[in-house]
Amino acid sequence: MTMTTVTVTYGSVDSLKNAVDDLLGAGIPQEKFYVIKADMQIKVITPKTSEPEILELLNRHNPV
């Protein structure tokens with residue numbers, strides 16, 4: 001299975017927090033994503049086949 005890393009940057013802490021809540025709510029294990037608060041980024045390690053779904057979820061929160 002080919003894995004990929006999806007990285008999204010947000011413009012506010014609230015957007016970042018909401019995206020994290022959505023990832024957890026969608027059943028993404030916390031060990032599969034990383035929050036870099038200083039850069040307001042989330043990095044998600046996911047199978048390449050799941051990348052579109054992850055991007056759809058993260059893009060709901062107005063990334064920059």
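Above this text is the structure in question.
Residues numbered from 1 in each chain as written. Predicted model: local features only at pLDDT ≥ 70, side-chain atom pairs only at ≥ 80, totals over all residues. Heavy atoms only, no water.

Within the element layout of this structure, Ser 15 appears in helix α1 (residues 13–25). The class for Ser 15 is buried, based on a relative accessible area of 16%. Aside from chain neighbours lying at most four places away, what touches Ser 15 is Tyr 10 and His 61. (Helix = DSSP H or I, 4+ residues; strand = E, 2+ residues; numbered from the N terminus. Buried < 20%, exposed > 50% of the residue type's maximum accessible area, 1.4 Å probe, protein only. Contact = heavy atoms within 4.5 Å.)

It is worth spelling out the nonpolar core at this point. The biggest cluster of nonpolar side chains holds 14 residues, and the ones touching the most others in it are Tyr 10, Leu 23, Phe 33, Ile 42, Val 44, Ile 54 and Leu 58. For this core, the element with the most residues is α1, which contributes 4 residues. Setting aside chain neighbours within four positions, we find Val 44 in contact with Thr 4, Thr 5, Val 6, Leu 23, Lys 32, Phe 33, Ile 54 and Leu 58. (Core = buried A, V, L, I, M, F, W, Y, C linked by side-chain atoms within 4.5 Å.)

Before going further, it helps to examine the pairing of strand β1 (residues 3–9). Only one face of β1 is buried, namely the one carrying Thr 4, Val 6 and Val 8, since none of Met 3, Thr 5, Thr 7 and Thr 9 on the opposite face is buried. Pairing of β1 with strand β3 (residues 41–47), which is carried by 7 bridges, proceeds in the antiparallel orientation. Residue pairing for β3: Thr 7 is matched across the bridge by Lys 43. (Pairing = 2+ DSSP bridges.)

So far we have only geometry, and geometry alone does not tell us how the molecule works.
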